[in-house]
Structures are given as structure tokens and as C-alpha cells.
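Take a look at the letters that make up each chain.
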Amino acid sequence: MYDFCTRYVGDESTFLWKTDASLTPFTDSSSDTLARLLSEIQGGSSSLSRNDACQLLLCDNDVLPELLAAARSSKERFKPGVVTYSRKVFIPLTNLCRDYCGYCIFRRDPGQPGAHTMTPDEVLEVVRKGEKLGCTEALFSLGDKPELLFPEMRETLRHLGYHSTLHYLEAMCELVLRQTTLLPHPNPGLLNTVWVRRLAEVSPSMGLMLETTNSDLLRPGAAHDNAPDKVPAKRLRTIEEAGKQGVPFTTGLLIGIGESREDRVDTLLAIRDLHRRYGHIQEVIIQNFRVKPGIRMQHWTEPSHGDMLRTIAVSRLLMPEVNIQAPPNLSAPYYDDLLDAGINDWGGVSPLTPDFINPERPWPHLEQLRARTESKGYKLEQRLPIYPEFIPQILLRPSLLAERVQAAANPQGLARRAA
Ligand code: SF4
């Protein structure tokens, strides 16, 4: 049994995600106590409390091997012998964005070098090239509601024939679905009830990084200063709406942006709480902040490799039956260590398009990814943007989407076109 319950506290502007346990001071656990707890977890006779999780995020190096062993055993009970990835093309539909996150190199204002909104022909060209390379996912990434801030974007949308960026995204997802074999997976930003429903008609899964439940990061100078779409309560509401509608959903943490270890645990617990209520979280991404020139946070300290391993392992132990993913390019050259911490997925990897969010960090060659995964004793399998266990619910209702998912999936629910 878990020893806390979660709840919302405060209105949107002062949102805090709290747990009852968070209201009491942490108790310090010795290395021996943590090692004993990990051995009990491995034996299945115990589970992780919030306090334990916070302690493990800070555990000494002498406890780390036992933490990793417990996480790896947990992964093996969940999905034995296999690690997956999604072969994708990355479609930066528009890099105009009304938010100004301190770590973002992707966003542009109109007129800035590189500012661009893709045309339908450009979208199709990328997707068709990806098709030839065995890709099965079209990942749409875009800035949040740029038309609310920029008249130039309103004009672009008017020229294209759409009222809003979300209308345009919906049309491009449908275009990909109708004219190609790739399955769209949009990362659309905040959505209301209607837009969750509309996008779910044209994509089998979608995503929104929760990043953190710490609303203090919205303060001046912090990572989410001048980023109105990063209010945690709003993001939780979008994820919850997807849950109510049964939409397979990807979310996750961005670590190293000013949050505390306790914030990380609370963010994981918030995701777990939503998954327990709705069963729709198909994947939790643990993403590490990387410094890059040109961002507001370019002088910040990055989270360490050890920090990343601890966070993944704790995520695995808190959510033993949820897919846990970490991007290999953000931990290169030591990315295969992440397998020791209990991930079961590498996320989207593209043989064609760069990681536009971290352009300085190229994805590993797929053959190298396969070799590194196999050297750790796992088989690398190509999945679709929707995970196998969520496919049956899409197939229940006859639709173009169901037809396309059925055609793309093999009998195990992985990619039929796996190369
Ligand atoms: S991270 Fe997303 S929301 Fe934030 S500035 Fe970049 S594109 Fe906009």
C-alpha cells in the first residue's frame, strides 16, 4: 500500500501539487535502511513511499547499484527481454510560440532567422521520405498557440485556410493518415475537451510533457518565466481530459530546470495518480535538460548522469507497469547505462530528421542503438507511436484511424514494417 494521497491545492495561478506526506518533514534513511528496502522491493514484499523515493534520488554511490538492480528487475517483470523504440520523422509544424521557456532553442518569434511554419507539401515530403526509410511515426512538434501573440501567424493561418494552429495541426494529421502509412503523434500543447476529441480522431496517441508540478518555476527569471502554457494545473487538466476520453497519452518529466528532488517525486506521483484513475498513460519520458548556446539558461548546471540514473530508477519503482522512456541522444555517449536504470523504451529515433528540440545532440545510428541494446542483453524492437497494449481500444471503433493502426501493427502490436 502507498502511504499518501494526492490532491490539488490552490487555484490555477497558485497551483501546487501536494501530498499529505509532503506536509511532514522527511526522515533521513541510512544507506543500510535504503539497501534493505530495495532488497524487499526486489522480493516483492514492499513498495516505495514518497519519502523513500526522495531519499533514493539522493542516495550514495554505494546504494546506487542496488537501486539500479531493483529497477532493472522491475523492468524485466514488466516487459522481459525487450526494449523498444519508434522509428519516426520529426515534423516541426511551426516553431513560432507564444511561450518563452528558458531552456528552449526551438521557438522563434516571427522574423527571427529560422522562423518557419511548414506547408502541407513540406509535411508530405518529409513523411514520404520517412516512409521509404521504414518510419512508422510522424511526430508533430509545434509552439503553443502562436496566433494569440503574433499577427504574422494569424496571417499565415489565414493564407493556409485555417482558423488556428490546432485546426491546421488536425488537418495535417489527417493528411498524413489518409495519404501515407505513417501514424501521426501530435505534441499539441494545452488542449480543451473538444480538441482532445478532435485530435484523437486523427491520431492514435498524443503527448504533453508535464515537466514539473512546481508552479514556482513560473516566477521571473525561472525556467517557465513568461510561459503561460507551462502552468502545471493547466497541463494536468489536459492530461486528465485525455484520460477521461481514453486517449493513449505520453507525458513525462524535464529534470534539471530548477526543480527540487521532492518536486520530481511529486511530478511522478501526479502522473501516477492520473494513470491510476484513467489508465491512459502509455509512456513516461524522463528527459534531462541540456545546456546549449543561445538559450536563457545557457549558464545553468546540467543534471548529472548519476542524477538521471537515479531519477529513472525511482520512476520505474514508482510505476512498475508503465513504459518508461529516456532519449539516448541526451545521454550520449553513455546512453546504454540508462538500460541499467530500468527504461524499456528509447522513444522516437529518426534516420532522417534531426532532433529539432536538441539539434546539437544527434540521434545514434539505429544499428549502433541496436548493438548497444543487445550488448545489455535485450532485443531491440520497433514499435508504433501507440504502444501495443493500447491498440485494442483504438480498433474497437471502425474508423480510418483503426484501419491505419491495424495495417501498421504486427500481431504483437509492434511495427509491421520493422526494419
Ligand atoms: S518549450 Fe515548447 S512551449 Fe516552451 S518555448 Fe519552446 S516551443 Fe514554446
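Residues numbered from 1 in each chain as written. Predicted model: local features only at pLDDT ≥ 70, side-chain atom pairs only at ≥ 80, totals over all residues. Heavy atoms only, no water.

Asks: Quick question: what am I supposed to make of the packing of aromatic side chains here?
Replies: Where two aromatic rings form a pair, the distance of their centres and the angle of their planes describe that pair. Inspection of the entire model under this criterion finds three aromatic pairs. Residues Tyr 162 and Tyr 168 carry aromatic rings whose centres are separated by 5.2 Å and whose planes lie at 40° to one another, so their mutual orientation is tilted. Overall, Tyr 168 belongs to the buried group, its relative accessible area being 1%. Aromatic pair Tyr 335 and Trp 346: ring centres 5.4 Å apart, planes at 85°, arrangement edge-to-face. Here Tyr 335, found in the loop between strand 9 (324–325) and helix 11 (337–340), pairs with Trp 346, found in strand 10 (residues 345–349); they are eleven residues apart in sequence, far enough to count as distant. By relative accessible area, Trp 346 is classed as buried at 0%. In this structure, Arg 107 packs its charged tip against the face of Tyr 100, placed 3.8 Å from the ring centre. We note Arg 372 situated over the ring of Tyr 335; from NZ or CZ to the ring centre the distance is 4.3 Å. (Phe/Tyr/Trp six-rings, centres within 6.5 Å; stacked < 30°, edge-to-face > 60°. Buried < 20%, exposed > 50% of the residue type's maximum accessible area, 1.4 Å probe, protein only. Helix = DSSP H or I, 4+ residues; strand = E, 2+ residues; numbered from the N terminus. Lys NZ or Arg CZ within 6 Å of the ring centre and 35° of its normal.)

Asks: In this structure, what is going on with the pattern of salt bridges? I would like to understand it.
Replies: This model, assessed by the stated rule, comprises 30 salt bridges. Here Glu 389 and Lys 79 are joined by a salt bridge, their closest N and O atoms 3.0 Å apart. Residue Glu 389 is located in the loop between strand 11 (379–383) and helix 13 (391–395), and its partner Lys 79 is located in the loop between helix 3 (64–78) and strand 3 (82–94); the two are separated by 310 residues in the primary sequence. The residue Asp 229 makes a salt bridge to Lys 145 at a minimum N-O spacing of 3.1 Å. Here the residue Asp 229 occupies a position in the loop between strand 6 (206–207) and helix 8 (232–244), and Lys 145 occupies one in the loop between strand 4 (137–142) and helix 5 (151–160), the gap between them amounting to 84 residues. (Salt bridge = Lys/Arg side-chain N within 4 Å of Asp/Glu carboxyl O.)

Asks: Even after reading the chapter, I still don't get the site of the ligand, so can you show me in this structure?
Replies: For the ligand, the full set of nearby residues is Cys 97, Asp 99, Cys 101, Cys 104, Phe 106, Arg 107 and Lys 230. Taken together, the residues of the shell around the ligand sort by class into four nonpolar, no polar and three charged. (Near = heavy atom within 4 Å. Nonpolar A, V, L, I, M, F, W, Y, C, P; charged D, E, K, R; others polar.)

Asks: Hey, could you run me through helix 10 (residues 305–318) in this one?
Replies: Along an α-helix, residues three or four positions apart point the same way, because every turn accommodates 3.6 residues. In this model helix 10 runs 20 Å from its N-terminal to its C-terminal C-alpha over 14 residues, within 8% of the 20 Å that 1.5 Å per residue would give. Taking burial as the measure, the 14 residues of helix 10 include 13 buried ones, the bulk of the element. (Expected span 1.5 Å × (residues − 1).)

Asks: So what exactly am I meant to see when it comes to the nonpolar core here?
Replies: Side chains of nonpolar character tend, in soluble globular proteins, to be buried together. Ranked by internal contacts, the top residues of the largest apolar core, which has 93 residues, are Phe 140 and Trp 346. A per-element tally of this core places helix 6 (residues 165–179) first, with eight residues. Residues Ile 394, Val 405, Ala 408 and Ala 409 belong to the second largest nonpolar core, which totals 13 residues. (Core = buried A, V, L, I, M, F, W, Y, C linked by side-chain atoms within 4.5 Å.)

Asks: Help me understand the pairing of strand 3, please; the structure alone is not making it clear to me.
Replies: Regular strands have side chains that alternate between both faces of the sheet. Counting buried positions along strand 3 gives twelve out of 13 residues, so the element sits mostly inside the fold. Where strand 3 lies against strand 11, five bridges are found, and the strand directions are parallel. Residue pairing for strand 11: Ser 86 is matched across the bridge by Arg 383. Of the strand pairs in this sheet, strand 3 and strand 10 are connected by three bridges, and their pairing is parallel. (Pairing = 2+ DSSP bridges.)

Geometric values such as these leave the question of function open.
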